[in-house]
Structure formats: C-alpha cells, structure tokens
Amino acid sequence: MAIVKNLPLIPAERALKVISGRWKVFALYYLFDEPRRLSELCRLIPDVSQKMLVQSLREMEEHGLVSRQVHAEVPARVVYTATALGMSLRPIVQSLCDWGKRHADELDAVTA
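In this text, all values refer to a predicted model and were calculated from it rather than measured experimentally.

### Remarks on the sheet that holds strand β1 (residues 36–37)
In spatial order, the strands read β1-β3-β2; together these three strands make up an open sheet with antiparallel pairing. Edge positions in the open sheet fall to β1 and β2 (66–71), since each of these has one partner strand only. Bridging between β1 and strand β3 (residues 77–82) involves two bridges; their strand directions are antiparallel. Bridging across to β3, R36 finds its partner in Y80. The sheet contacts of helix α3 (residues 24–33) involve β1, β2 and β3, and relative to β3 the element is tilted by about 90°. Where helix α5 (residues 50–62) meets the sheet, its contacts fall on β2 and β3, and the angle it forms with β2 comes to roughly 110°.

### As for unusual backbone geometry
Residues other than glycine predominantly adopt negative phi, and peptide bonds predominantly adopt the trans conformation. Put simply, V74 and P75 share a cis peptide bond, and its omega is -5°. Relative to the elements of secondary structure, P75 occurs in the loop between β2 and β3.

### Re the packing of aromatic side chains
The tally for this structure, following the rule as stated, stands at two aromatic pairs. Measuring from centroid to centroid gives 5.6 Å for W23 and F26, while their planes differ by 40°, and the two rings are tilted. Among the residues examined, W23 registers a relative accessible area of 9% and is labelled buried. Judged by its relative accessible area of 41%, F26 is partly exposed. Ring centres of Y29 and Y30 lie 5.3 Å apart, and the angle between their planes is 85°; this geometry places the pair in the edge-to-face category.

### A few points about the pattern of salt bridges
If you walk through the whole model with that rule in mind, you get six salt bridges. Its salt-bridge partner being R36, residue E40 comes within 3.9 Å of it at the nearest N-O pair. By relative accessible area, which is 11% here, R36 ends up buried. In this structure, a network of salt bridges that share partners links the residues E34, R36 and E40.

### Quick notes on α5
With 13 residues, α5 extends 18 Å between its outermost C-alpha atoms, agreeing within 8% with the 18 Å of an ideal straight helix rising 1.5 Å per residue. Along α5, the positions that sit buried rather than exposed are L53, V54, S56, L57 and M60. Down the axis of α5, the buried set is contained in an arc of 165°. They therefore lie on one face. Where α5 is buried, its residues meet α3, α4 (38–44), β2 and β3. Positive backbone phi, at 80°, marks G64, one or two positions downstream of α5.

### So, the layout of surface pockets
Estimates place the volume of the largest pocket at around 210 Å³. Lining the largest pocket are L7, R14, A15, L16, V18, I19, H63, L65, L85, S88, L89 and I92. Residue contributions to the lining of the largest pocket peak at five residues, all from helix α2 (residues 11–19).

So, how was this worked out
Every chain begins its residue count from 1, and numbering advances along the sequence as written. In view of the model being predicted, local features appear only for residues whose pLDDT reaches at least 70, and side-chain atom pairs are presented and counted only at 80 or more, with totals across whole chains, interfaces and linings using the full set of residues. Where side-chain values are given, they derive from all heavy atoms of the structure, hydrogens and water being excluded. Any two strands with at least two DSSP-identified bridges between them are counted as paired. Under the DSSP-based scheme used, a helix requires at least four consecutive residues in state H or I and a strand at least two consecutive residues in state E, with every element numbered from the N terminus. We call two residues contacting when some pair of their heavy atoms lies within 4.5 Å. Angular values range over 0 to 180 degrees, each being the angle between N-to-C directions of two axes fitted as lines to C-alpha atoms, with helices fitted over their stretch in contact. When two rings of Phe, Tyr or Trp (its six-membered ring) have centres within 6.5 Å they constitute a pair, described as stacked for plane angles under 30 degrees, edge-to-face for angles over 60, and tilted for the intermediate range. Burial status follows relative accessibility: with a 1.4 Å probe on protein chains alone, a residue under 20% of its type maximum counts as buried, one over 50% as exposed, and anything between as partly exposed. In the sections that follow, a salt bridge refers to a side-chain nitrogen of Lys or Arg positioned within 4 Å of a carboxyl oxygen of Asp or Glu. A helix's residues, less one, multiplied by 1.5 Å, set its expected span. Summarising the geometry, the arc corresponds to the directions from the helix axis toward the C-beta atoms. Buriedness of a pocket was judged along seven lines, with at least five required to meet protein on both sides within 12 Å; pockets are open sets of points on a 1 Å grid over the protein atoms alone, cavities are sets where a 1.4 Å probe fits but cannot get out, and lining residues have an atom within 4 Å of a point. Grid points are joined across faces, edges and corners, and a volume is the space filled by probe spheres set on the points.

Here is the structure:
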C-alpha cells in the first residue's frame, strides 16, 4: 500500500488528498446510491476515460473508500461499492455540492 504511506499527517490535508482528483467525487457520488459496474460509471460520467476512472477507483480502493468485487463470469463482471468508510464521506460530498451551488448562485448574482 504505497499510496497510504505517502498520505499527509495533517488530517484535513489527508482528507483532501484522499478525495482529490477530477473523477473521485463523481464516482463516489454515484456509488453512494448503489453498487455499480465500471460501464455504468462510465455512462454516468461521460467526460471520463475508462483508464482515468479505473485509476481513480483503484486509488480509492487502496484508501479503503471503495471495494471491488470480481465475479467469475465470461466476460468478467466487476462491481464497485462504496465501503462504510467511503459512505462516511456522503454528508461531506453533499455539503460540497450545496456549497458549490451557493457559490455559483452568488457569483451569478454579483455578475448580473
């Protein structure tokens, strides 16, 4: 687990490091509702490449936010699920969404 060893010791910085990256919050947001296959996540997040999404999911798996289950089928079916630790980020992600909307609304009001 090389990634975990490289995480900052300051708690706020550590939290931001774990969820930073363009696609991690998107993936978590959709995994809060239900387990999803990679193809589902790619459809829900149309701007992400499969390579970048897989990289983000693997990093979150190493940080304990997401679990990956491979079903022995042909072709193999891989399902991603938010872990309990990942689910604990739900209110934080919701707060970030709420703040982002307020920020956009306030900037629109200033520039109008």
